[in-house]
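Chain residues, written in single-letter form:
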Amino acid sequence: MSAAQTSSAVEASLTALAVSLRGVTKTYDNGVMALGPLDLAVRKGEFISLLGPSGCGKSTALRLIAGLSAPSSGIVRVARHEGPAQPGHGIGFVFQEPTLMPWASVRENVRLPLKLGGVPKAEGRARADEALASVGLADFTDAYPRELSGGMKMRVSLARALVTDPDILLMDEPFAALDEITRFCLNNDLLALWRTLGKTVIFVTHSVFESVYLSQRVVVMTARPGRIQADLRIETVEPRGEEFRTSAAYSDYCRRVSAALAPSYSGQSTL
Amino acid sequence: MSAQASVTAKPSPAQRAMRFVLPVIVFAAGLLAWELVVRIKDIPPYVLPAPSVIVVTLIRDWAVLSQSLATTLLTTLEGFAAASIGGIALALLFNQSKWVEYSLFPYAIVLQVTPVIAIAPLLLIYLEQQTAVVVCAFIVAFFPVLSNTTLGLNSVDRNLAGLFQLYGASKPQTLRFLKLPAALPYILGGLRIAGGLSLIGAVVAEIAAGTAGAGSGLAYRIAESGYRLNIPRMFAALLLLSLAGIVIYGVLAVVSHLVLRRWHESALGKES
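So, how was this worked out
Residues numbered from 1 in each chain as written. Chains lettered and ligands numbered in written order. Predicted model: local features only at pLDDT ≥ 70, side-chain atom pairs only at ≥ 80, totals over all residues. Helix = DSSP H or I, 4+ residues; strand = E, 2+ residues; numbered from the N terminus. Buried ≥ 20, exposed ≤ 12 C-beta atoms within 10 Å, placed from the backbone. Contact = placed C-beta atoms within 7 Å. Pairing = 2+ DSSP bridges. Core = buried A, V, L, I, M, F, W, Y, C linked by C-beta atoms within 7 Å. Axes fitted to C-alpha atoms, helices over the stretch in contact; angles between N-to-C directions. Nonpolar A, V, L, I, M, F, W, Y, C, P; charged D, E, K, R; others polar. Parallel < 35°, antiparallel > 145°, perpendicular 65-115°, else oblique. Left-handed = near helix turned anticlockwise from the far one by under 90°. Expected span 1.5 Å × (residues − 1). pLDDT = per-residue confidence, 0-100.

1. Points about the overall build of chain B
No. 1: Tallying secondary structure elements over chain B gives ten helices and zero strands in all.
No. 2: Helices (α) and strands (β) of chain B occur, in sequence order from the N terminus, as α-α-α-α-α-α-α-α-α-α.
No. 3: Dimensions of chain B along its principal axes, counting C-alpha atoms only, are 75 × 55 × 30 Å.
No. 4: By residue count, 36% of the 272 residues in chain B fall in the buried class.
No. 5: Looking at chain B alone, contacts between residues at least 24 apart form 75% of all its contacts between residues at least 6 apart.

In structure tokens form, the structure reads like this:
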């Protein structure tokens, strides 16, 4: 099934929201208002990017959705797994850094969420190997993180986020620290995974080009406190590939997203 | 703490060989000069014994000295074990509860900054001598373990901690799978310092007990030989103490290297 069909089918049903934020704000202990008020609805199976200047609270929004911190006001709703409770509440999180345990092998790093959830060792190892194979690291299960390149570490991190088979994948500028070639490669692999696995992806980035290339929807945020500046839909022929990256439609979308982002940057300079 | 330098790989084999050869040459030259000065100046052994005399004494008195060595090493080991377990346990307790940490940490510092040589005579009054000596070794050695373990437990990667939180890890799981492994390099560093310090603590307590005590450790032998002007035996006992210290350090350094070699920066060669 194509992604366009999925989204139109999903639009028909209001219950098909994966994540919804209503009037969410976050004020830190030091009085800095980082976010909001923010209203955001993400449909199941949607690939959405949060784009904004650094410090605009996009990472904060992601941490609120993940339940890693609580909102100061407002409601965060995340659709739960149907059936038996899963470790991680159906959420996979990929941090800005690979965030691997240096003392554990790649396989043990990926198995961690299952181990914490009480999955038996043999089953956990098998599922970890499977997740590693899906990101193209089948041959590196026994390696240690320090023996891997930056891109490979990020793939391990992605495999770990996928190993619990979550409904929602939250990604916090995962490829920001990588070189462009590795980043393009991982962008394509991520799109391929998203197409086959059909997960909801919320992808935080500060790259206009990355957000347009990857997502069905780009949500542009203002400078702190982060609010929604624009919500743009990126429609193109699926599956996307290198020809989309070089197409006129792509550069047109990039121009529109950049234009939407411009007020945030000019707002930032007055801070 | 900069001892890790010895593990780092060196550019060329010749240079590496020189690192071992040069100290040996210096040592041999020193011994030779010492031997010559004693022989030429005809210095009596009760003023300064020649190295050869010290070696002869070491062999002749081996029965007595080896027993003293065993006693001191056992004391050191007991003090070290107590310091390791106590230091790590206390650090874990501090990590679980801030209130416990606030209540007890100042006293740990007081215990650390009060010179053990001043505490030892008191301990010898209140405790049996063997116990007092072990307690001294413990007091000197436990603080580096405590402070290093505390530092290690507090330097867990914040994102990793977030990850454990996200996957609903329980407190024991977080401790076992995250905090302890993350703190391991720090703990091992603390243990390496504690090894040498527990030997110092044991020796200090033995010296404080002096000839009045019923002890038979190496430090006791040094004090006793001093009173008898048996200077060669003093040197022989000192030599054994020094060797014991080197062996303790070496063993702990090797253990640390073996435990960390797969993943920690400190144990990695130049290839990474």
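2. Description of the pairing of strand S9 (residues 228-233) of chain A
Residue and element names in this part refer to chain A.
No. 1: The sheet contact formed by strand S8 (residues 217-221) and S9 spans five bridges and is antiparallel. Bridged to Met221 within S9 is Ile228.
No. 2: Counting the residues between successive antiparallel strands, the hairpin from S8 to S9 contains six residues.

3. With respect to the nonpolar core
No. 1: Formed by 134 residues in total, the largest nonpolar core has its most connected members in A:Ala159, A:Leu170, A:Ile202, B:Cys136, B:Ala137, B:Ala141 and B:Ala205.
No. 2: Broken down by element, this core gets its largest block of residues, 18 residues, from helix H8 (residues 171-209) of chain B.
No. 3: Setting aside chain neighbours within four positions, we find A:Ala159 in contact with A:Val110, A:Ala131, A:Leu132, A:Ser134, A:Val135 and A:Leu137.

4. Quick look at the sheet that holds strand S5 (residues 91-94) of chain A
All names here are of chain A.
No. 1: Reading across from one edge, S5-S6-S7-S3-S8-S9 is the order of the six strands in this open sheet, with mixed pairing throughout. Only two strands of the sheet have a single neighbouring strand rather than two, namely S5 and S9. With strand direction ignored, the average angle separating the axes of adjacent strands in the sheet is 15°.

5. Topic: unusual backbone geometry
All names here are of chain B.
No. 1: The phi dihedral of Asp42 falls on the positive side, at around 55°, and the residue is not glycine.
No. 2: Checked against the element boundaries, Asp42 lands in the loop between helix H1 (13-41) and helix H2 (51-60).
No. 3: Of the residues examined, Asp42 has 6 C-beta atoms within 10 Å and is grouped as exposed.

6. Remarks on the environment of A:Val19
All names here are of chain A.
No. 1: Within the fold, Val19 resides in strand S1 (residues 17-27).
No. 2: Separated by 56 residues in sequence, Val19 and Ile75 have C-alpha atoms that sit 11 Å apart.
No. 3: For Val19, the contacting residues outside a window of four places in its chain are Val42, Ile65, Val78, Ile168 and Ile202.

7. Let's talk about the interface of chain B and chain A
No. 1: Counting residues at the interface gives 16 residues for chain B, matched by 17 residues for chain A.
No. 2: Of all the secondary-structure elements, those providing two or more residues to the side of chain B that touches chain A are helix H7 (158-166) and H8 of chain B.
No. 3: Broken down by element, the side of chain B that touches chain A gets its largest block of residues, seven residues, from H7(B).
No. 4: Split into classes, the residues belonging to the side of chain B that touches chain A amount to eight nonpolar, six polar and two charged.

8. Topic: the packing of H8(B) against helix H10 (residues 231-260) of chain B
To describe two helices that pack against each other, one gives the angle between their axes and the distance between the axes.
Residue and element names in this part refer to chain B.
No. 1: Axis separation between H8 and H10 bottoms out at 10 Å; the angle between their running directions is 170°. In terms of orientation, H8 lies roughly antiparallel with respect to H10. Classified by chirality, the crossing of H10 by H8 is right-handed. Counted together, Leu184, Pro185, Leu188, Leu191, Arg192, Gly195, Gly196, Leu199 and Val203 of H8 and Leu241, Ala244, Gly245, Ile248, Tyr249, Leu252, Ala253, Ser256, Val259 and Leu260 of H10 form the full contact between these two elements.
No. 2: Across the contact of H8 with H10, the residue classes tally to 14 nonpolar, four polar and one charged.

9. Focus on helix H5 (residues 150-162) of chain A
Residue and element names in this part refer to chain A.
No. 1: With 13 residues, H5 extends 19 Å from end C-alpha to end C-alpha; this agrees with the ideal 18 Å at 1.5 Å per step.
No. 2: Among the 13 residues of H5, ten are classified as buried, and the element is accordingly described as predominantly covered.
No. 3: When H5 is considered as a whole, its buried residues turn out to be Lys153, Met154, Arg155, Val156, Ser157, Leu158, Ala159, Arg160, Ala161 and Leu162.
No. 4: Residues of H5 that are buried in the fold lie against S5, helix H3 (106-116), helix H4 (121-134), strand S6 (168-172) and helix H6 (180-197).

10. Looking at the packing of helix H9 (residues 218-227) of chain B against H10(B)
All names here are of chain B.
No. 1: Two elements in contact, H9 and H10, have axes separated by 8 Å at closest approach and are oriented at 165°. As judged from the angle between their axes, H9 and H10 are roughly antiparallel. Crossing of H9 against H10: the hand is left-handed. Residues Leu218, Arg221, Ile222, Ser225 and Gly226 of H9 pack against Arg233, Met234, Ala237, Leu238, Leu240 and Leu241 of H10.
No. 2: Here the contact of H9 with H10 is built from residues that sort into seven nonpolar, two polar and two charged.

11. Considering the sheet that holds strand S4 (residues 73-78) of chain A
In sheet architecture, strand pairing relies on hydrogen bonds along the backbone and comes in two forms, parallel and antiparallel.
All names here are of chain A.
No. 1: If you trace the three strands from one edge of the open sheet to the other, you get S2-S1-S4, paired in antiparallel fashion. At either margin of the open sheet sits one strand with a lone partner, and together these are strand S2 (33-43) and S4. The average undirected angle you get between the axes of adjacent strands in this sheet is 15°.
No. 2: Note that S1 and S4 share five bridges and pair antiparallel.

12. With respect to the confidence of the model for chain B
All names here are of chain B.
No. 1: Chain-level statistics for chain B give a pLDDT mean of 87 and a share of 92% at 70 or above.
No. 2: This stretch, residues 1-10, has a pLDDT under 50; its non-local contacts, to residues over four places away or in other chains, come to ten contacts.
No. 3: Predicted as a complex, the structure gets a pTM of 0.80 and an ipTM equal to 0.81.

13. Focus: the environment of B:Ala169
No. 1: Structurally, B:Ala169 can be placed in the loop between H7 and H8.
No. 2: The class of B:Ala169 is buried, set by 22 C-beta atoms lying within 10 Å.
No. 3: When sequence neighbours within four positions are dropped, the list of residues in contact with B:Ala169 reads A:Leu116, B:Phe164 and B:Thr174.

14. Section: the confidence of the model for chain A
No. 1: Taken over all residues, the pLDDT of chain A has a mean of 82, while the share at 70 or more is 88%.
No. 2: Under a pLDDT of 50 for its full length, residues 1-12 of chain A has, in the predicted model, 13 contacts with residues more than four places off or in other chains.

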